[in-house]
Amino acid sequence: MRQFIEQLKRIVGEAFVSDAAEERFIYSRDQGTMPPSDPDVVAMPADAAQIQAIVRLAGQHKVPVVPMGGGLVLSGLTRPLKGGLVLDLKRMNRVLEVNALCRYAVVEAGCSEGMLQAYLKKHHPDLKHSMPDAPPIATVGGNMLIHGSGHMSAWAGYHTDQLGGLEVVLPDGELARLGTCAVSPEWFGRAPLPDLAGLFLGWAGATGVVTKLAIKLFPRRPFNDVRIFVCEDAELGAQVINKLTGVGVIEDMTAWMTPVPAWANGLINFNAVYSANSKEELTWKRELLSAAVGDLIKQRVGGFMMLPPPMKKNFMEEPASNLAKFADVKKGGGFEYVGAIMPIDRFAQAYRTGLEVAERHDVAYSLGCRVIGQGHAMMFFYAYAFNRADQADIARAQAALEETNLAALDMGGIPWKAEAPAQKQIMARMDPGALALMGRVRAMLDPAGIMNPGNWEAM
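Residues numbered from 1 in each chain as written. Predicted model: local features only at pLDDT ≥ 70, side-chain atom pairs only at ≥ 80, totals over all residues. Heavy atoms only, no water.

The chain appears in an unreviewed UniProt entry as FAD linked oxidase domain protein from Desulfarculus baarsii. The Cofactor (unreviewed entry) field of the UniProt record for the chain holds the comment "FAD". (UniProt positions renumbered as here; feature names shortened; annotations may be inferred.)

Here is the structure:
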């Protein structure tokens, strides 16, 4: 390992390599409940050429390589489960191109969500990207590669649906560009070529190191509004989502159910965010939403909440800062959630399951979902806060998370950005042909088994 580290320093510079105990401690964990796993060394490359050299060197020394963006995934996907090198991509943080007319941006993999948001506000104030409700230091690349979602997902789907192409360093050190950028100097999409980008989406870095990405941009309109439909019967949830998204004007739709504050306990709240180029257009869209659920309002089983402007501002914030308050509700800095991707017709069952699991394990909870596409799916989240200084509290949260993962699978859903134990639960139920294909793909791309070993090991 010492020889590997010295050669690593010659590639990226001594200042960007560390095997100090305090560095290895920080990179051994994230904010979730997964136990730490120490790396042997950490490096911060400056460009794709350095990553190519590093990956080739790691292959020669059989050293595991774990790519990392913001390190905020919460499910431990960047913990080096078998030691080796954590490759921190935060130095590669440039916005390389914005094509305003064609509405896409090309960024380096370490560009943070906050940096892209700030860049667009300064240089292209009429454009925005789909901002996830994550801390601004979360990376654009990391969130896209885990099939993330954000404030344009009801309109445009998963963030992987908004991927226009990527550049990746393969496990043998070769570089490949996928999408239109493979043929053209433009990064405007992935069609009509054979779509190889999927070989690197959802794999947690187990098939290569993505270095650049193209992301779709959307109009930032001057008039914005949010409406919150409220009901008490979870059985209406799928119907409400279906009716409101069916209008085709909502950019972001989320549901939230929480026992605190007290006035919200027992209520099912659906936020519908939309925008317009004029007050008249905004009013027209507001009326469309009212008409969509008019029958439910007439039946007196639900209605829109009256919202004063200061409250609206909070509900339209990108990213939503109130989530951070729940993350520290136990005052111990511990927070993790199961985000189960599932069809919207599981809404009521998912809600009941969340209440039952939280009560059974006596954990602080918040439930909700983000709608993906126009009601095509949802990411139903079960968030559990815990006190990191209280081992019993951590154990309760871990038990609740494990039970929730299994319950999501039983409901026909799939845990999102699954931690290593949940990956095994998923693969145990996977179609044998799909599982075998995953194993063959990984063995073909990474025969030495150096890329983030311990994750998605299908063979």
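Structure shown, so let's carry the discussion forward.
Caption draft 1: Structural detail: the UniProt feature "domain: FAD-binding PCMH-type" (unreviewed entry) in the chain. The UniProt record annotates "domain: FAD-binding PCMH-type" (unreviewed entry) at residues 34–220. Here residues 34–220 is 19% helix and 24% strand, with 38 Å between the C-alpha atoms at its ends. (Helix = DSSP H or I, 4+ residues; strand = E, 2+ residues; numbered from the N terminus.)

Caption draft 2: Focus on the nonpolar core. Ranked by size, the top nonpolar core spans 48 residues in total, and within it Leu244, Phe270, Phe347, Phe380 and Tyr382 carry the most contacts. For this core, the element with the highest residue contribution is helix α12 (residues 347–361), accounting for six residues. In this structure, Tyr382 is in contact with Glu336, Tyr337, Val338, Ala340, Met342, Ala350, Thr353, Gly354, Ser366, Leu367, Thr404 and Met411, ignoring residues within four places of it in sequence. Counting 47 residues, the second-largest nonpolar core is a separate cluster that includes Val63, Leu87, Val107 and Val210. (Core = buried A, V, L, I, M, F, W, Y, C linked by side-chain atoms within 4.5 Å. Buried < 20%, exposed > 50% of the residue type's maximum accessible area, 1.4 Å probe, protein only. Contact = heavy atoms within 4.5 Å.)

Caption draft 3: Representation of the side chain of Lys128 within the structure. Within the secondary structure, Lys128 is located in strand β7 (residues 127–128). For Lys128, the side chain forms a polar contact with the side chain of Glu251, separated by 3.0 Å. (Polar contact = N/O pair within 3.5 Å; in protein donor to acceptor, adjacent residues only side chain to side chain.)

Caption draft 4: Structural view of the sheet that holds strand β4 (residues 85–88). If you trace the four strands from one edge of the open sheet to the other, you get β1-β2-β4-β3, paired in mixed fashion. Either end of the sheet is taken by a strand with one partner, and the two such strands are β1 (17–18) and β3 (65–68). Of the pairings in the sheet, the one linking strand β2 (residues 41–43) to β4 comprises three bridges and is parallel in character. Opposite Val42, over in β4, you have Val86 as the bridge partner. (Pairing = 2+ DSSP bridges.)

Caption draft 5: Inspection of the pattern of salt bridges at higher detail. This structure, assessed with the given rule, holds 23 salt bridges. Residues Glu167 and Arg177 are paired through a salt bridge, measuring 3.1 Å at the closest nitrogen-oxygen approach. Remark: Arg177 occurs in strand β9 (residues 175–179) and Glu167 occurs in strand β8 (residues 163–169); sequence separation between them is 10 residues. The exposure class of Glu167 is buried, given its relative accessible area of 2%. We classify Arg177 as partly exposed; its relative accessible area is 37%. Salt-bridge contacts for Arg190 lead to Asp195; the nearest nitrogen and oxygen are separated by 2.9 Å. One network of salt bridges, with partners in common, ties together Arg2, Glu6, Lys9 and Asp19. (Salt bridge = Lys/Arg side-chain N within 4 Å of Asp/Glu carboxyl O.)

Caption draft 6: Highlighting the domain arrangement of the chain. When its domains are assigned, the chain resolves into domain 1 (1–88), domain 2 (95–219) and domain 3 (223–417). Domain 1 puts 12 residues into the contact, and the matching count from domain 2 is 18 residues. For the pair domain 1 and domain 2, the two sides together bury roughly 1100 Å², of which 73% comes from carbon and sulfur. Our count for the contact surface shared by domain 1 and domain 2 stands at one salt bridge. The salt bridge partner of Glu174 is Arg56, with a shortest N-O separation of 3.0 Å. At the boundary of domain 1 with domain 2, the tally comes to three residue pairs in polar contact (both at pLDDT 80 or more). If one sorts the elements of the side of domain 1 that touches domain 2 by residue count, helix α3 (residues 48–61) sits on top with five residues. Across the side of domain 1 that touches domain 2, the residue classes tally to eight nonpolar, three polar and one charged. (Domains from an automatic or database assignment. Buried area = accessible area lost by both parts, 1.4 Å probe. Nonpolar A, V, L, I, M, F, W, Y, C, P; charged D, E, K, R; others polar.)

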